[in-house]
Amino acid sequence: MGLGLGVATAVGSATTQVAFADDAATGAASSRPVSMVLHTHSCFSEGGSWADGGGGASMMAQLEQAVHNDIDVVWWTDHDWRMEAYGYYDGIAFDGTNEDGGLQWFVQNDGSVTDAQHAFVADPHSPSEPGKALRVTASGPEAGWGESFLWAKAGNSFYSTNVSDTTLTVDVLGERIGPDAELVVQLETSYRPAMAGRPAGVYVLEYRLAATAGRRLADPLTGVVAVASDGGWQRLTLRPVEDIRAFWPDLVAEDSGLARMRFGVRARNGATATGVFDHLRIDRTRDPLRWPVRTQRDLMRQLRRQYPGVTQLLSAEVSMVRHMNVFMEDFELYPYPPRGKAPVLDNSVEAAAAMVAWYHERGALVQYNHPPINPGELVASRALGADLIEIANVDGDFTVIHDRIDQYDVAARNAIFLTATSQVDDHAGRNWQGKSHLYTTAVWAESRDARDLIAALAAGQAWWYHQRLWPTGRLDLAVGDRRAMGRVIRTTASSVPVDIVANNLPQDGTVQVVVGECDRSGQTIPSVTRHAYPASAFASGPVTFRLERNNGRYLRVEVRDAAGILLGFGNPVWLLSPHDDVNVPSARRLTYAGR
């Protein structure tokens, strides 16, 4: 929606007439608002919470949500080390320990079963592996099937990643198998929206040792591969992507992650099933740095046919240091040093700063994700060298949001120039608007090309808005006829007129002009004053606020509804003396020649 043509309302000590070109108070006629999700997980990450129904989002599920919520651009930001399978399990020995990686076993029964037992036994075990094996036994109900499983919950999800290159093998012994008793290895893959007459849900593969062999759909979302039991040790070979492609040929099969593995038995008609599992091997063929990038780009290309209206761009969440998203045109994965099996995140400032420097050398922008509330560290580390920082909380926790806003104002006070963004951080791929509060970032950009979007983020020409309560919200700042949001003006003028644009405001909304000191004092508390204006003040166009420079100041805008809920947050403009010893990134520099 265009911002229109209007005359600024007098606020403070000056009145300025501002001409608007298309959607922007910039003099750049081609700039337009572009909505983006900057933190989106899919089939290369660990999946959604089990409270949300298990499984992880497919790329398809996230794109479906983007369409439903009028999102222009999705940046794919799967965890980089999960994309690489860095330090991942290459097998499970079933010896009853945590297997040096935090492995835990949880009993999960489906349907009615009796006499369910689970034990790690020294005998029998696979001829291919010494040590113990897992035995599961259970009796089924008189009507229908009952199932008893053990879920192999790997510490920090050390097997959850895209499975396009993955083959699994497991040795099984069917001790009591027949028409009414089967052994089962179950793989939960990715969540997908409703399609082709099938409901939305997590697609599941089951590999069964049964009385007879066969392949079938047990229900619309469960594909079964049955192998006939021969009474001895047998090796099951699981090829997830091949089987997804065979059962559901209309899917992009490679858009599949491995969310959960379960091992158990199923029985009916009062029968008892008993089976033993051992020697699981996970064979991944990927080149850890190149394969994930190539594979996800290919998925983006295939899914573009189904979702042509959504622009997809590739990034990642760098996650073995402080979590940070990286935005660059030709994306590269960070080469972590070898740390062995089940590596632990290095939470140090030094490790994060080194990663930021590595990406900066390659021309990238780095976003500090869900930062801790530690303004002292933020100031001392200069925000780890990051360019952007998440402010809005994914769960709509306003205590967290307000604490992050205060911390952002501390950074702004100390001339740490950061573009404030929203935290979407979605792993599930379902019902974005059903969350309590979901904020979305938008930028003023020349196009949806990565280069233009990155340029807008680098310049701070971004705001974030409440997706459900203010979906058409627009915020902007201008000085003269040039966009000023996110910019730094170094001038000898004692004050500068700032034109504030707030469009499509709710009738009972309030615009708060927040003026902060930028005294570079090292203080770790914000120093701001607020000036509130009713939505009606913006009815005929932008409002002009004369910002006094003093010893350095900045101005930003918040929008709130009648209940005080934060609807929108715009990035600041800073006003400094040209004599101040401050390093200003070139993308943020704005010249002002007026008085």
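My aim in this report is to walk through the structure given alongside it, one point at a time. (Residues numbered from 1 in each chain as written. Predicted model: local features only at pLDDT ≥ 70, side-chain atom pairs only at ≥ 80, totals over all residues. Heavy atoms only, no water.)

As for the sheet that holds strand β23 (residues 365–368)
In space, the 5 strands of this open sheet follow the order β21-β22-β23-β24-β25, with mixed pairing throughout. In this open sheet, the two edge strands, each paired with only one partner strand, are β21 (316–318) and β25 (419–422). Between one strand and the next, the sheet's axes are offset by a mean angle of 35 degrees, whatever the strand orientation. Two strands pair when backbone bridges link them, and strand β24 (residues 388–392) and β25 are joined in this way by 4 bridges, in the parallel orientation. Residue Ile389 lies in a different strand from β25, and its bridge partner there is Ala420. Here helix α8 (residues 450–459) sits on the sheet in contact with β22 (324–327), β23, β24 and β25, set at roughly 55 degrees to β23. (Pairing = 2+ DSSP bridges. Helix = DSSP H or I, 4+ residues; strand = E, 2+ residues; numbered from the N terminus. Axes fitted to C-alpha atoms, helices over the stretch in contact; angles between N-to-C directions. Contact = heavy atoms within 4.5 Å.)

Points about the side chain of Asn162
Examined against the element boundaries, Asn162 turns out to sit in the loop between β11 (146–153) and β12 (166–176). In this structure Asn162 comes out as buried when scored by relative accessible area, which is 0%. A polar atom in the side chain of Asn162 sits 2.8 Å from the backbone oxygen of Glu254. The residues contacting Asn162, other than those within four sequence positions of it, are Cys43, Phe44, Glu254, Ser256, Gly257, Arg286, Trp291 and Leu299. (Buried < 20%, exposed > 50% of the residue type's maximum accessible area, 1.4 Å probe, protein only. Polar contact = N/O pair within 3.5 Å; in protein donor to acceptor, adjacent residues only side chain to side chain.)

Digging into a negative patch on the surface
On the surface, a cluster of negative charge is contributed by Asp395, Asp397, Asp403 and Asp406. One can find Asp406 in helix α7 (residues 398–413). (Patch = residues over 30% accessible without salt bridge, like charges linked within 9 Å, V, L, I, M, F, W, Y side chains within 5 Å. Areas by Shrake-Rupley, 256 points an atom, 1.4 Å probe, with all protein chains shown as cover. Salt bridge = Lys/Arg side-chain N within 4 Å of Asp/Glu carboxyl O. Lys, Arg positive; Asp, Glu negative; His and termini not counted. Charge placed at Lys NZ, Arg CZ, Asp CG, Glu CD.)

Brief notes about the nonpolar core
Ranked by size, the top nonpolar core spans 123 residues in total, and within it Met261, Phe263 and Tyr359 carry the most contacts. When residues of this core are assigned to their parent elements, the largest contribution, 6 residues, is made by helix α5 (residues 349–360). Among residues more than four places away in sequence, those in contact with Met261 are Ile92, Leu150, Trp151, Ala152, Tyr159, Leu168, Gln186, Leu187, Leu280 and Ile282. Counting 35 residues, the second largest nonpolar core, distinct from the first, contains Trp444, Val513, Ala537 and Leu547. (Core = buried A, V, L, I, M, F, W, Y, C linked by side-chain atoms within 4.5 Å.)

A word on helix α4 (residues 291–304)
Here α4 spans 20 Å end to end across 14 residues, near enough to the 20 Å set by a 1.5 Å rise per residue. Those residues of α4 that fall on the buried side of the exposure criterion are Trp291, Pro292, Val293, Thr295, Gln296, Leu299, Met300, Gln302 and Leu303. Here the buried face of α4 lies against α1 (59–68), β6 (73–76), α2 (80–84) and β20 (311–314). (Expected span 1.5 Å × (residues − 1).)

Focus: unusual backbone geometry
For the bond running from Asp123 to Pro124, omega is 0 degrees, close enough to zero to count as cis. Along the chain, the position of Pro124 falls in the loop between β9 (114–121) and β10 (133–139). One non-glycine residue, Leu384, adopts positive backbone phi at about 65 degrees. In this structure, Leu384 sits in the loop between α6 (375–380) and β24. Note on Leu384: relative accessible area 4%, which makes it buried. One non-glycine residue with positive phi stands out, namely Asn550, at about 50 degrees. Along the polypeptide, Asn550 turns up in the loop between β34 (543–548) and β35 (553–560).

Such coordinate-based values are descriptive only and should not be taken to indicate function.
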